[in-house]
Amino acid sequence: MKKILLILLLLFLIPLSACGRVKYEFKDGIIYENGKEASGTFELTINGFKSKGKFINGLADGLLEVYYLDGSIMKKTLFSNGVHLKDEVYYRNGKLMSTYLKDKRIDIFYDDGQLVMSFNFQTGESSSYHENGNPLMIGNSYETTLYNENNKVLFEVKNGESINIGTTLKELEDGTFEILKDNKIIAKVDAKGETITYLYSTGEKLMTSSSVSGDTEIFFKNGKTFFKGNTENAKWFYKDGKLLYESNNGEWKFFDRDGKEIMSNFDEITDIKKID
């Protein structure tokens, strides 16, 4: 008899327990608790990585942290009443991978602290850098300049027009061309005049650009790709050739040193739990 009563009691308690369970969901940037905008400190999983942050009336407010699987900081994002203000992305060694200030600036670094590239959203100016830290390419909406590793100008364009930097063009017997500056070869052009290849001061390939496809590829001195892209898609690489960052028609992704995607601007948020 006692056994039957115990079973009946359990059957009675199960529905009550289910009714008392809190349901959390994340939709359009807002956390809901049983359908109402939630407040408190929450743990959640973003793209497979644990994170923690404070929400007020459903909106992120203050610092949201994302962690690598070993518990080290991957990303710190600052919010104010749901407005995204700032990002800091970190390598597992604790060094900065990227900083982002909303509508102002983005900077990307290698894991040794060297600045890879930066873009100013207010001025439209972009900069990329050689392995020795010297400027590689500086540009904005009306002017672009390419430098070799010794800070020597290889080309300059303003308002779509090439600026004379003191170069001469030499045609070779096979129909290709060499571009010389101070009697030194700084670039080569194919016979059709469609692809131009700029060189390091020591003769290695620095950059190729196609006037037909619009594709540009920039190389480290060891021949591995540093940058590859066009007006729609751009990829930046680590010094060993592994992918670091990709931007494609408004979608961006970061990759760690092992080639694993660690974040993008399309977040999948699951496993929401209120801890305070």
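Above this text sits the structure in question.
Residues numbered from 1 in each chain as written. Predicted model: local features only at pLDDT ≥ 70, side-chain atom pairs only at ≥ 80, totals over all residues. Heavy atoms only, no water.

### Structural notes on the overall build of the protein
Right, on to step 1. A tally of helices and strands in the protein yields one helix and 29 strands.
Right, on to step 2. On C-alpha atoms alone, the protein measures out to a radius of gyration of 27 Å, which is more than a quarter above the 19 Å that the 2.2 N^0.38 rule sets for 276 residues.
Right, on to step 3. Reported as C-alpha extents along the three principal axes, the dimensions of the protein are approximately 105 × 35 × 35 Å.
Right, on to step 4. Expressed as a percentage of its 276 residues, the buried residues of the protein come to 37%.
Right, on to step 5. Look at the contacts in the protein between residues 6 or more apart in sequence, and 20% of them connect residues 24 or more apart.
Right, on to step 6. About 16300 Å² of surface is accessible on the protein, with carbon and sulfur atoms providing 51% of the total.
Right, on to step 7. For the protein, the distance from the average position of its 36 positive side-chain charges to the average position of its 41 negative side-chain charges is 8 Å. (Helix = DSSP H or I, 4+ residues; strand = E, 2+ residues; numbered from the N terminus. Rg over C-alpha atoms; globule rule 2.2 N^0.38 Å. Buried < 20%, exposed > 50% of the residue type's maximum accessible area, 1.4 Å probe, protein only. Contact = heavy atoms within 4.5 Å. Areas by Shrake-Rupley, 256 points an atom, 1.4 Å probe, with all protein chains shown as cover. Lys, Arg positive; Asp, Glu negative; His and termini not counted. Charge placed at Lys NZ, Arg CZ, Asp CG, Glu CD.)

### A word on the pattern of salt bridges
Right, on to step 1. Per the stated rule, a full pass over the model turns up 15 salt bridges.
Right, on to step 2. For the salt bridge of Glu-88 with Lys-86, the shortest nitrogen-to-oxygen distance reads 3.2 Å.
Right, on to step 3. For Lys-86, a relative accessible area of 31% translates into the label partly exposed.
Right, on to step 4. Residues Glu-261 and Lys-253 are paired through a salt bridge, measuring 3.9 Å at the closest nitrogen-oxygen approach.
Right, on to step 5. You can call Glu-261 partly exposed: its relative accessible area is 35%.
Right, on to step 6. Among the charged side chains, a salt-bridge network with shared partners connects Arg-92, Asp-256 and Asp-258. (Salt bridge = Lys/Arg side-chain N within 4 Å of Asp/Glu carboxyl O.)

### With respect to the pairing of strand E8 (residues 73–80)
Right, on to step 1. Bridge count between strand E7 (residues 62–67) and E8: six bridges; the pairing is antiparallel. What sits directly across from Gly-62, in E8, is Phe-79.
Right, on to step 2. Counting the residues that bridge the hairpin from E7 to E8 gives five residues, and of these Gly-71 lies at a positive phi of roughly 95°.
Right, on to step 3. Where E8 and strand E9 (residues 83–90) come together, six bridges link them in antiparallel fashion. Paired with Phe-79 across the strands is His-84, a residue of E9. (Pairing = 2+ DSSP bridges.)

### Points about the environment of Asn-81
Right, on to step 1. Counting through the fold element by element, Asn-81 comes out in the loop between E8 and E9.
Right, on to step 2. Each C-alpha atom, one on Asn-81 and one on Asp-61, is 5.0 Å from the other, the two residues being 20 residues apart in sequence.
Right, on to step 3. In this structure, Asn-81 is in contact with Leu-59, Ala-60 and Asp-61, ignoring residues within four places of it in sequence.

### Some words on the nonpolar core
Right, on to step 1. Membership of the largest hydrophobic core comes to 46 residues, with the highest contact counts inside it found for Met-97, Val-116, Tyr-198, Phe-226, Leu-244 and Ile-262.
Right, on to step 2. Excluding residues within four positions of it along the chain, Tyr-198 makes contact with Leu-146, Leu-154, Phe-155, Ile-186, Ala-187, Glu-204, Lys-205, Leu-206 and Met-207. (Core = buried A, V, L, I, M, F, W, Y, C linked by side-chain atoms within 4.5 Å.)

### Here we look at empty space enclosed by the protein
Right, on to step 1. Per the stated rule, a full pass over the model turns up one cavity of 30 Å³ or more.
Right, on to step 2. Counted by class, the lining of the largest cavity contains seven nonpolar, two polar and one charged residues. (1 Å grid on protein atoms, 1.4 Å probe; cavity = no way out; pocket = protein on both sides within 12 Å on 5 of 7 lines; lining within 4 Å. Points joined across faces, edges and corners; volume = space filled by probe spheres on them. Nonpolar A, V, L, I, M, F, W, Y, C, P; charged D, E, K, R; others polar.)

### Remarks on the environment of Asn-148
Right, on to step 1. By the secondary structure assignment, Asn-148 is in the loop between strand E15 (143–147) and strand E16 (153–158).
Right, on to step 2. What makes Asn-148 buried here is its relative accessible area of 7%.
Right, on to step 3. Separated by 96 residues in sequence, Asn-148 and Leu-244 have C-alpha atoms that sit 23 Å apart.
Right, on to step 4. Sequence-distant contacts of Asn-148, defined by excluding residues within four places in its chain, comprise His-130, Pro-135, Leu-154, Leu-199, Ser-201 and Leu-206.
Right, on to step 5. In this structure the side chain of Asn-148 is engaged in a polar contact, spanning 2.9 Å, whose partner is the backbone nitrogen of Asn-150. (Polar contact = N/O pair within 3.5 Å; in protein donor to acceptor, adjacent residues only side chain to side chain.)

### Comments concerning the side chain of Ser-210
Right, on to step 1. Structurally, the position occupied by Ser-210 is in strand E22 (residues 205–210).
Right, on to step 2. Engagement of the side chain of Ser-210 in a polar contact is seen with the backbone nitrogen of Val-212, the distance being 3.2 Å.
Right, on to step 3. Here Ser-213 takes part through its backbone nitrogen, which lies 3.1 Å from a polar atom of the side chain of Ser-210.
Right, on to step 4. Among all residues touching Ser-210, those that are not within four sequence positions of it are Glu-194, Thr-195 and Asp-215.

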